[in-house]
Amino acid sequence: QVQLVESGGGLVQAGGSLRLSCAASVRTFSRYVMGWFRQAPGKEREFVAGITQSYGFTYYADSVKGRFTISRDNAKNTVFLQMNSLKPEDTAVYYCAATEYCSNLYSAPTYTAWGQGTQVTVSS
């Protein structure tokens, strides 16, 4: 019943920035843990960042810590991923995900709803 739509992907040079957005259809958006995952060619889907419901605590993969920032705007039912200092190895399809019940924020199977993904390509 929840729909997620990502936007903001594109092509950027190494060292540049992009801001991804994910709009959620649910009316009770603040109840959901939100996450960002990515999948690069030849690799498994991996956790990037997550944000909790009540207080908006944030969590990051070691590979993006200090460069990426996840945030949410509950009034707009939207979660963001600000990506700075991008590297070619950040190239991937980025997916927004949501779950009302979170057993493990870092684990993809925790999430019950997924967006279609948005391509991020970082050139050298």
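Residues numbered from 1 in each chain as written. Predicted model: local features only at pLDDT ≥ 70, side-chain atom pairs only at ≥ 80, totals over all residues. Heavy atoms only, no water.

Enquirer: So what's going on with the sheet that holds strand β1 (residues 4-7)? Which residues, and what values?
Expert: Within a sheet, each strand pairs with its neighbour through backbone hydrogen bonds, oriented either parallel or antiparallel. The antiparallel open sheet is built from four strands, whose spatial order is β1-β3-β8-β7. Each edge of the sheet is formed by a strand with only one pairing partner; in this case those strands are β1 and β7 (68-73). For this sheet the average axis-to-axis angle between neighbouring strands, irrespective of direction, equals 15 degrees. Here strand β3 (residues 18-24) runs beside strand β8 (residues 78-83); their pairing, made up of six bridges, is antiparallel. Its bridge partner lying in β8, Cys-22 is registered against Val-79. (Pairing = 2+ DSSP bridges. Helix = DSSP H or I, 4+ residues; strand = E, 2+ residues; numbered from the N terminus. Axes fitted to C-alpha atoms, helices over the stretch in contact; angles between N-to-C directions.)

Enquirer: Give me the environment of Ala-113: which residues, what numbers.
Expert: Along the chain, Ala-113 falls in strand β10 (residues 113-114). The class for Ala-113 is buried, based on a relative accessible area of 6%. (Buried < 20%, exposed > 50% of the residue type's maximum accessible area, 1.4 Å probe, protein only.)

Enquirer: Break down the state of the cysteines for me, with residues and values.
Expert: A full pass over the atoms with the stated rule returns one disulfide. The partner cysteine of Cys-22 in its disulfide is Cys-96, sulfur to sulfur 2.0 Å. With the S-S dihedral at roughly -80 degrees, the linkage between Cys-22 and Cys-96 falls on the left-handed side. On the criterion of sequence distance, the pair formed by Cys-22 in strand β3 and Cys-96 in strand β9 (residues 92-99) is long-range, its members being 74 residues apart. Residue Cys-96 is classed as buried on the basis of its relative accessible area, which comes to 0%. Distance from the sulfur of Cys-102, which forms no disulfide, to the nearest cysteine sulfur (Cys-96) is 14 Å. In this structure Cys-102 comes out as partly exposed when scored by relative accessible area, which is 30%. (Disulfide = S-S within 2.5 Å.)

Enquirer: Quick one: what's the story with the pattern of salt bridges, residue by residue and with numbers?
Expert: Scanning the model with the defined rule gives five salt bridges in all. Linking Asp-62 and Lys-65 is a salt bridge whose minimum nitrogen-to-oxygen distance equals 3.3 Å. For Asp-62, a relative accessible area of 67% translates into the label exposed. Two residues, Asp-90 and Arg-67, come together in a salt bridge whose shortest N-O distance is 2.7 Å. Here Arg-67 lies in the loop between β6 (58-60) and β7 and Asp-90 lies in the loop between β8 and β9, a separation of 23 residues in the sequence. For the pair Asp-90 and Arg-67, a shared accessibility class is recorded, and that class is buried. Where salt bridges share partners, they join Arg-38, Glu-46, Arg-67 and Asp-90 into one cluster. (Salt bridge = Lys/Arg side-chain N within 4 Å of Asp/Glu carboxyl O.)

Enquirer: Which residues make up the side chain of Arg-72, and what are the values?
Expert: Here Arg-72 shows up in strand β7. Within the buried core, Arg-72 has no salt-bridge partner, and the shortest N-O distance to an opposite charge, that of Asp-73, equals 8.6 Å. A polar contact of 2.8 Å, which involves the side chain of Arg-72, links it to the backbone oxygen of Phe-29. Reaching out from Arg-72, the side chain makes a polar contact with the backbone oxygen of Tyr-32 at a distance of 2.8 Å. (Lys, Arg positive; Asp, Glu negative; His and termini not counted. Polar contact = N/O pair within 3.5 Å; in protein donor to acceptor, adjacent residues only side chain to side chain.)

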